[in-house]
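A closer look at the structure
Given next are the chains, with one letter for each unit.
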Amino acid sequence: MTFLEIEGIDSLQGEVQISGAKNASLPLIASTILAKNEVKMSNVPNVADIKTLISLLENLGAKTHFENNIALLDTSTLNQTIAKYDIVRKMRASILTLGPLLSRFGHCEVSLPGGCAIGQRPIDLHLSALEKMSANIEIKQGYVVASGKLKGAEILFDKITVTGSENIIMAAALAKGKTKLLNVAKEPEVVQLCEVLADAGLDIKGIGSDELEIYGTGGELLNFKEFSVIPDRIEAGTYLCAGAITNSQIKLKKVNPEHLGAVLAKLHQMGFQTLIENDNITLLPAKKIEPIEILTSEYPGFPTDMQAQFMALALKANGTSIIDERLFENRFMHVSELLRMGADIKLNGHIATIVGGKELNAADVMATDLRASSALILAALVAKGTSRVHRIYHLDRGYENLEDKFKALGAKITRLEE
Ligand code: EPZ
């Protein structure tokens, strides 16, 4: 098994280029099921989750080519509508094929993704929305078996769901008639999906708001234009935290600062300054790192995907920070690993209390999910000695060229085999 060896250091410096967003690329790749033409996407990150979804499309009969961050996807040859357990179990986001497959073929079977390290993660909202659009849904032998010609409907999401919104937007694209969606997720990844579909000829109103009106084509496939995936705001936030935890000056290139509002606001509250020029952000060191209070919520609130990294950062603050995780019930798996490095963190339900200022010591720690793993890297950067982060396949799911990027910033990080 591969692991990362990371030496504690005093500071980082230099520049890092941010990749395209994994969580934007995934629905966009799934959306090519709605295309009549071969789709060319650029700035697609070369990470495991993307390769998994592309292989799922191949498995369904698509022709694909992925090289140099450019994906060419031709789904005109699709001849299967079963997304098998073997692939879906590797990545929950495979559920994003449910909406477009059903919308295009009137039938599909997608393995239920099951729970994961960060919580139970149900898909009931995806399914009830499809039922409202006249789909027949059954759960058979671990698969969602969906059938029916989709019709437009009015759907109010009980909770804001990112992939749920994306799935239903794609389902509505080829449905017959108008679908009105209320309480839709407004994450930049959802917005890009809508923009790409609108460019492909879909009549969709309200893009960027929590209320969408989609006039389905009644089965006619869309004519996609070439596009480039938006920058990964979570990868950007993770490198900003790397600069912050080492109290260094670093520069991020190819980011969209507008997508990072809540993250930058928290860094500013902690005493860091940032300089923004076009698509670059420079982080400047803080005179004194202040403690912080964070409540995770939907966009434009503070992202749950940055909670673990800010917890690592709070370990360097002068005082006690509070993090309230509101989206996922079990997203504190990194805490027990951080404790092994000497952190002082107390958990009470969904609230973590972090006492900053304690010296961290290097340790062997285990990654449990994608973002938890990046928090362990951040802590290892400032721990005394050499830490080893195990089970890094979680990191490879979502961070492109992680060691090269950290090395470019001056970190001492090596990938080794156990
Ligand atoms: C997306 O997951 C992201 N994944 C996650 O990124 C991210 O943490 C999450 O949104 C929240 O921002 C992708 O975009 C591929 P949700 P998703 O449905 O869509 C509840 C990462 O590290 N819910 O918005 O699965 C759910 O349990 C990851 O890159 C229901 O109750 O999240 C949660 O409490 C991991 N029923 C809340 O809604 C449903 O049917 C929000 O989840 C669906 C969701």
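Residues numbered from 1 in each chain as written. Predicted model: local features only at pLDDT ≥ 70, side-chain atom pairs only at ≥ 80, totals over all residues. Heavy atoms only, no water.

A closer look at the domain arrangement of the protein
Taken domain by domain, the protein comprises domain 1 (2-19 + 231-417) and domain 2 (22-228). Here domain 1 and domain 2 have C-alpha centroids that lie 30 Å from each other. Counting residues at the interface gives 23 residues for domain 1, matched by 20 residues for domain 2. In this assembly, domain 1 packs against domain 2 so that about 1,800 Å² is buried in total across both faces, 51% of it on carbon and sulfur atoms. For domain 1, the biggest contributors to the area lost against domain 2 are Y299, R397 and E400; these three give 31% of the whole. The shortest N-O distance in the salt bridge between E189 and R233 comes to 2.8 Å. Our enumeration of links across domain 1 and domain 2 arrives at 7 residue pairs in polar contact (both at pLDDT 80 or more). Partitioning the side of domain 1 that touches domain 2 into residue classes produces 6 nonpolar, 5 polar and 12 charged. (Domains from an automatic or database assignment. Contact = heavy atoms within 4.5 Å. Buried area = accessible area lost by both parts, 1.4 Å probe. Salt bridge = Lys/Arg side-chain N within 4 Å of Asp/Glu carboxyl O. Polar contact = N/O pair within 3.5 Å; in protein donor to acceptor, adjacent residues only side chain to side chain. Nonpolar A, V, L, I, M, F, W, Y, C, P; charged D, E, K, R; others polar.)

Some remarks on the UniProt feature "binding site: phosphoenolpyruvate" (unreviewed entry) in the protein
Mapped onto this structure's residue numbering, the UniProt feature "binding site: phosphoenolpyruvate" (unreviewed entry) falls at K22 and N23. The topology assignment puts K22 in helix α1 (residues 22-31). Classification of K22 by relative accessible area gives buried; the value is 6%. Apart from the residues lying within four places of it in its own chain, the contact partners of K22 are P45, D49, I50, D232, L370, R371, R397 and G398. Looking at the secondary structure, you find N23 in helix α1. For N23, the contacting residues outside a window of four places in its chain are E166, E189, D305 and R371. (UniProt positions renumbered as here; feature names shortened; annotations may be inferred. Helix = DSSP H or I, 4+ residues; strand = E, 2+ residues; numbered from the N terminus. Buried < 20%, exposed > 50% of the residue type's maximum accessible area, 1.4 Å probe, protein only.)

Regarding the packing of aromatic side chains
In this structure the tally under the stated criterion is 2 aromatic pairs. Relative to F406, the ring of Y239 lies with its centre 4.9 Å away and its plane at 45 degrees, an arrangement referred to as tilted. Of this pair, Y239 sits in helix α8 (residues 233-245) while F406 sits in helix α14 (residues 402-408), and the two are 167 residues apart along the sequence. Note on F302 and F310: the rings are 5.1 Å apart at their centroids and 90 degrees apart in plane angle, and the pair reads as edge-to-face. In this structure, F302 and F310 share a single accessibility class: buried. (Phe/Tyr/Trp six-rings, centres within 6.5 Å; stacked < 30°, edge-to-face > 60°.)

Points about the site of the ligand
Around the ligand, the surrounding shell holds 22 residues, and the nearest of these are D124, T161, T163, D305 and L327. One of the backbone nitrogen or oxygen atoms of L327 is found 2.5 Å away from an oxygen atom of the ligand. Those elements that place two or more of their residues in the shell around the ligand are α1, α5 (124-132), α6 (162-174) and α12 (370-382). Broken down by class, the residue content of the shell around the ligand amounts to 10 nonpolar, 5 polar and 7 charged. Looking at the shell around the ligand, you find at least three residues from each of domain 1 (2-19 + 231-417) and domain 2 (22-228). (Near = heavy atom within 4 Å.)

A few points about the pattern of salt bridges
All chains considered together, the criterion is met by 18 salt bridges. A salt bridge links R331 to D305, with the shortest nitrogen-to-oxygen separation between them at 2.8 Å. Here R331 is found in the loop between β19 (320-324) and α11 (333-340), whereas its partner D305 is found in the loop between β18 (293-295) and α10 (307-314), with 26 residues between them in sequence. Grouping residues by exposure puts R331 and D305 together as buried. Of the charged contacts, one joins K358 and D344 as a salt bridge, the two residues approaching to 2.9 Å between their closest N and O atoms. Of this pair, K358 sits in the loop between β21 (351-355) and β22 (364-366) while D344 sits in strand β20 (residues 344-348); the two residues are 14 residues apart in sequence, bridging distant segments of the chain. For K358, a relative accessible area of 41% corresponds to the partly exposed category. On the basis of relative accessible area, D344 is assigned to the buried category, the value being 17%. What emerges from the salt-bridge pattern is a single network uniting E5, D364 and R388.

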